[in-house]
Amino acid sequence: MTVRALRAEVEKKNQKSTSILPDRVERVTIARRGNMEIRLATTPSDIHASQALRYRVFYEEMSAKADKDARKSKLDRDVFDDICEHLLVIDHSCSNQDVGGKGSDPAVIGTYRLLPQNL
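Below, the structure is looked at part by part. (Residues numbered from 1 in each chain as written. Predicted model: local features only at pLDDT ≥ 70, side-chain atom pairs only at ≥ 80, totals over all residues. Heavy atoms only, no water.)

1. Quick notes on the pairing of strand β2 (residues 36-40)
Argument step 1. Only one face of β2 is covered, namely the face carrying E37 and R39; the face carrying M36, I38 and L40 is uncovered.
Argument step 2. When strand β1 (residues 29-33) meets β2, the two strands line up antiparallel, connected through 4 bridges. Pairing of A31 across the sheet is with I38, part of β2.
Argument step 3. The turn joining β1 and β2, which pair antiparallel and follow one another in sequence, is formed by 2 residues; a positive phi near 60 degrees is taken by G34.
Argument step 4. Direction of pairing for β2 relative to strand β3 (residues 85-95): antiparallel, over a ladder of 5 bridges. Paired with M36 across the strands is D91, a residue of β3. (Buried < 20%, exposed > 50% of the residue type's maximum accessible area, 1.4 Å probe, protein only. Helix = DSSP H or I, 4+ residues; strand = E, 2+ residues; numbered from the N terminus. Pairing = 2+ DSSP bridges.)

Pasting the structure below:
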């Protein structure tokens, strides 16, 4: 499948649903060692923390060029966010605010998007 065809499929799915996440999902830890935890995002705030981290890494640290919306929101988001699973690496010894983000939740220090195979 070409990138153009994949984008069209994603756009079609996005028109049918505003979010892939239900309001409340049980958080399941994939792995935990000490203060570090790996799990999938289960809430809109998890997705937001992932997008904020991607923005900080891509645009602030690596000097990518953000568009107007990204600069205003300080989020890296695109059509794939609604269909991908978001893998999070969380450090429970500090908060998002401690690592340049917002909020007092444990810090999301790593993220990766997993594209479902059925696309």
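2. Section: the pattern of salt bridges
Argument step 1. With the rule as written, the count across this model stands at 6 salt bridges.
Argument step 2. For the salt bridge of D78 with R113, the shortest nitrogen-to-oxygen distance reads 2.7 Å. Here R113 lies in strand β4 (residues 106-114) and D78 lies in the loop between α3 (68-73) and β3, a separation of 35 residues in the sequence.
Argument step 3. The closest approach of N and O atoms between D81 and R113, which form a salt bridge, is 3.0 Å. Placement of D81 in the loop between α3 and β3 and of R113 in strand β4 is noted, with a sequence separation of 32 residues between them.
Argument step 4. By relative accessible area, R113 is classed as partly exposed at 25%.
Argument step 5. Through salt bridges that share partners, R54, D76, D78, D81 and R113 make up one connected network. (Salt bridge = Lys/Arg side-chain N within 4 Å of Asp/Glu carboxyl O.)

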